[in-house]
Amino acid sequence: MTATLERASLKHRLAEKGVDRVLWLLVPGAVFVVLLFVYPFLYGLQLSFQPKGGGSPFQNYVTFFSDDYLAETVWITLRLGLPAALFNVLASIPIAFRMRGRFRGKRALTTLLVVPITLGTVLTAEGLLAFFGPTGWFNRIWIALGADEPAKLTHNYWGVLFSLIITGFPFAFLLTLSYLSGIDPTLEQAAATLGASKRQRFRTITMPLLAPGLAVTFCLSFVLAFSVFPSAVMVGNPAGETHVMSIAAYETALRDNDFAMGSAIAMLMALVMLIVIGVVLIWRTTLYRGATGGKG
């Protein structure tokens, strides 16, 4: 009887700390994360410190920054990822703000805005080639209007940037819309009764409440854009101005058969992303973090 009471008491104390049978539901997810994320990361990290030619454990990293062609990939990838993420977040704000209300055709318009998710980067790149290519529809109209030569919008920086915007915007839009939907509309209504204009309500109420969510949206959009690969090959110039870090890692590992160097480049990709995300999240801590008075 005493042992039963002690077990019941222990079970009660653990339940108060959140330790109960429900925690077993976390086991499959934890195993999934370890096998598909933690282990590959740790394996790649230790492999990056085993240079193919021997020498110092940091030789791969020294080689990367000593080679201008490789080191430049950091700037090239940032020059694509940062503008694409920033544009998608900023463009999603007014559209999501308008989509928050009720109007005829809202479902059809929402579906149209998220269609690029179903296309994928390959189909998007093919569409860009068909539309913006040298003989595409855009350039046919461009030449017909009197231009001397076709506009160069593919197989360069702009082609990849357009692709990242098209494929990344639906995610930014859906996240921004979800954050906006969580802001209690009565806050704006109360401000309106006090004489605040639409611009004042947006600047002093909606935007401060929305900004922390936009920071997270930017981080997710940036990670998606920074890992660019197919579009950098199909609508970019992979040997030149769109020679991004993912292409450098792929070529080094599979073309040069140097998996250690490829792992080092992949680790540097992760480091750059973590630095950018860290800066954004630190800035996020300075923003409003209280309740938004949301509907759930």
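Within each chain, residue numbers correspond to sequence positions counted from 1 in written order. With pLDDT at 70 or above as the cut-off, local features in this predicted model cover only qualifying residues; side-chain atom pairs require 80 or more to be listed or tallied, and sums for whole chains, interfaces and linings still use all residues. Values reported for side chains reflect all heavy atoms of the structure, with hydrogen atoms and water molecules removed beforehand.

The name an unreviewed UniProt entry assigns to the protein chain is ABC transporter permease, from the organism Lentzea rhizosphaerae.

Structural notes on the overall build of the protein chain
What counts as a helix is a DSSP run of H or I of at least four residues, what counts as a strand is a run of E of at least two, and both are numbered from the N terminus. Along the backbone of the protein chain there are 13 helices and 0 strands. In sequence order, the protein chain lays out its α and β elements as α-α-α-α-α-α-α-α-α-α-α-α-α. The contact criterion used is simple: two residues touch if any of their non-hydrogen atoms lie within 4.5 Å. Expressed as a percentage of contacts within the protein chain between residues at least 6 apart in sequence, the contacts between residues at least 24 apart total 72%. Exposure was quantified through the Shrake-Rupley algorithm and a 1.4 Å probe, taking into account, for residues, occlusion by the shown protein chains and nothing else. Carbon and sulfur atoms make up 69% of the accessible area of the protein chain, which amounts to about 17,900 Å² in all.

Comments concerning the nonpolar core
Nine residue types can take part in a nonpolar core, namely buried Ala, Val, Leu, Ile, Met, Phe, Trp, Tyr and Cys, and a core is a set of them joined through side-chain atoms within 4.5 Å. Throughout, exposure labels follow a simple rule: accessible area from a 1.4 Å probe, protein chains only, divided by the maximum for the residue type, with under 20% read as buried, over 50% as exposed, and the rest as partly exposed. Within the largest apolar cluster, 41 residues are counted, with the highest numbers of intra-cluster contacts made by Phe-64, Phe-173, Phe-222, Phe-226, Met-245 and Ile-265. Put simply, the parts of the chain that give this core at least two residues each are α3 (59–66), α4 (68–99), α5 (106–114), α8 (157–181), α10 (198–226), α12 (245–255) and α13 (259–284). Element by element, the count of residues in this core is highest for α13, at 11 residues. Sequence-distant contacts of Phe-173, that is, excluding residues within four places in its chain, are made with Ser-92, Ile-95, Ala-96, Met-99, Thr-110, Leu-113 and Val-114. Core analysis: the second largest hydrophobic core is formed by 18 residues, Ile-76, Phe-132, Tyr-157 and Ala-232 among them.

Describing a nonpolar patch on the surface
Patch definition: residues above 30% relative accessible area lacking any salt bridge, with like charges linked at up to 9 Å and the nonpolar side chains Val, Leu, Ile, Met, Phe, Trp and Tyr linked at up to 5 Å. Each salt bridge in this description consists of a side-chain nitrogen of Lys or Arg and a carboxyl oxygen of Asp or Glu lying within 4 Å of one another. Together, Val-27, Val-31, Phe-32, Val-33, Val-34, Leu-35, Leu-36, Phe-37, Val-38, Phe-41 and Leu-42 make up an exposed nonpolar region whose accessible area comes to about 980 Å². Examined against the element boundaries, Val-27 turns out to sit in helix α2 (residues 26–48). The class of Val-27 is partly exposed, set by a relative accessible area of 38%.

Digging into unusual backbone geometry
Peptide bonds are mostly trans, and most non-glycine residues show a negative phi. A positive phi angle, near 55°, is found at His-155, a position not held by glycine. Note that His-155 resides in the loop between α7 (137–144) and α8. In this structure, Asn-257 is a non-glycine residue whose phi angle is positive, near 55°. Here Asn-257 lies in the loop between α12 and α13.

Re the packing of aromatic side chains
Any two rings among Phe, Tyr and Trp, with Trp reduced to its six-membered ring, count as a pair given centres within 6.5 Å; such a pair is stacked if its planes are under 30 degrees apart, edge-to-face if over 60, and tilted if neither. Using the criterion set out here, one finds 18 aromatic pairs in the structure. On the numbers, 6.4 Å between centres and 40° between planes, the contact of Phe-131 with Phe-138 is tilted. Look at Phe-131 and you get partly exposed, because its relative accessible area is 33%. Each ring, one from Phe-169 and one from Phe-173, has its centre 6.0 Å from the other, and the planes form 20°; the classification is stacked. Note that Phe-169 and Phe-173 are positioned in helix α8 at a spacing of 4 residues, about one turn of the helix. As far as burial versus exposure is concerned, Phe-169 and Phe-173 are alike and both buried. Clustering of aromatic rings is evident, with ring pairs tying together Phe-131, Phe-132, Trp-137, Phe-138, Trp-142, Tyr-157, Trp-158 and Phe-162. In this structure, Arg-79 is placed above the aromatic ring of Tyr-157, and the distance from its NZ or CZ to the ring centre is 4.4 Å. Any Lys NZ or Arg CZ found within 6 Å of a ring centre and within 35 degrees of that ring's normal is scored as a charge over the ring.

Side note on the pattern of salt bridges
The tally for this structure, following the rule as stated, stands at 2 salt bridges. In this structure, Glu-251 engages Arg-255 in a salt bridge whose closest nitrogen and oxygen atoms are separated by 3.8 Å. Linking Glu-251 with Arg-255, this pair stays in helix α12, spanning 4 residues, or about one helical turn. With its nearest N and O atoms 3.1 Å apart, the salt bridge here joins Asp-256 to Arg-255. A relative accessible area of 38% places Asp-256 in the partly exposed class.

Quick look at the side chain of Asn-60
Along the chain, the position of Asn-60 falls in helix α3. Taking the relative accessible area as the measure of exposure, Asn-60 reaches 4% and is therefore buried. When sequence neighbours within four positions are dropped, the list of residues in contact with Asn-60 reads Ser-48, Gln-50, Pro-51, Ala-260, Met-261 and Ala-264.

Topic: the environment of Asn-257
A relative accessible area of 47% places Asn-257 in the partly exposed class. In this structure the C-alpha to C-alpha distance between Asn-257 and Lys-52, which are 205 residues apart in sequence, comes to 9.4 Å.

Structural notes on the packing of α12 against α13
The convention used is that axes are lines fitted to C-alpha atoms, helices contributing only their stretch in contact, and that angles between N-to-C directions extend from 0 to 180 degrees. Where α12 contacts α13, the two axes come as close as 7 Å, and the packing angle between them is 165°. Considering their axes alone, α12 and α13 lie roughly antiparallel with respect to each other. The handedness of the crossing between α12 and α13 is left-handed. Contact residues: Met-245, Ser-246, Ala-248, Ala-249, Thr-252, Ala-253 and Leu-254 in α12; Phe-259, Met-261, Gly-262, Ile-265, Leu-268 and Met-269 in α13. Partitioning the contact of α12 with α13 into residue classes produces 10 nonpolar, 3 polar and no charged. Small angles under 35 degrees read as roughly parallel and large ones over 145 as roughly antiparallel, with 65 to 115 read as roughly perpendicular and the rest as oblique. Crossing handedness follows the turn of the near helix against the far one: under a right angle anticlockwise gives a left-handed crossing, and clockwise gives a right-handed one. When residues are grouped by polarity, Ala, Val, Leu, Ile, Met, Phe, Trp, Tyr, Cys and Pro land in nonpolar, Asp, Glu, Lys and Arg in charged, and all others, Gly among them, in polar.

Side note on the environment of Ser-48
With respect to the helices and strands, the residue Ser-48 is situated in helix α2. C-alpha of Ser-48 to C-alpha of Ile-265: the two residues are 217 residues apart in sequence and 8.3 Å apart in space.

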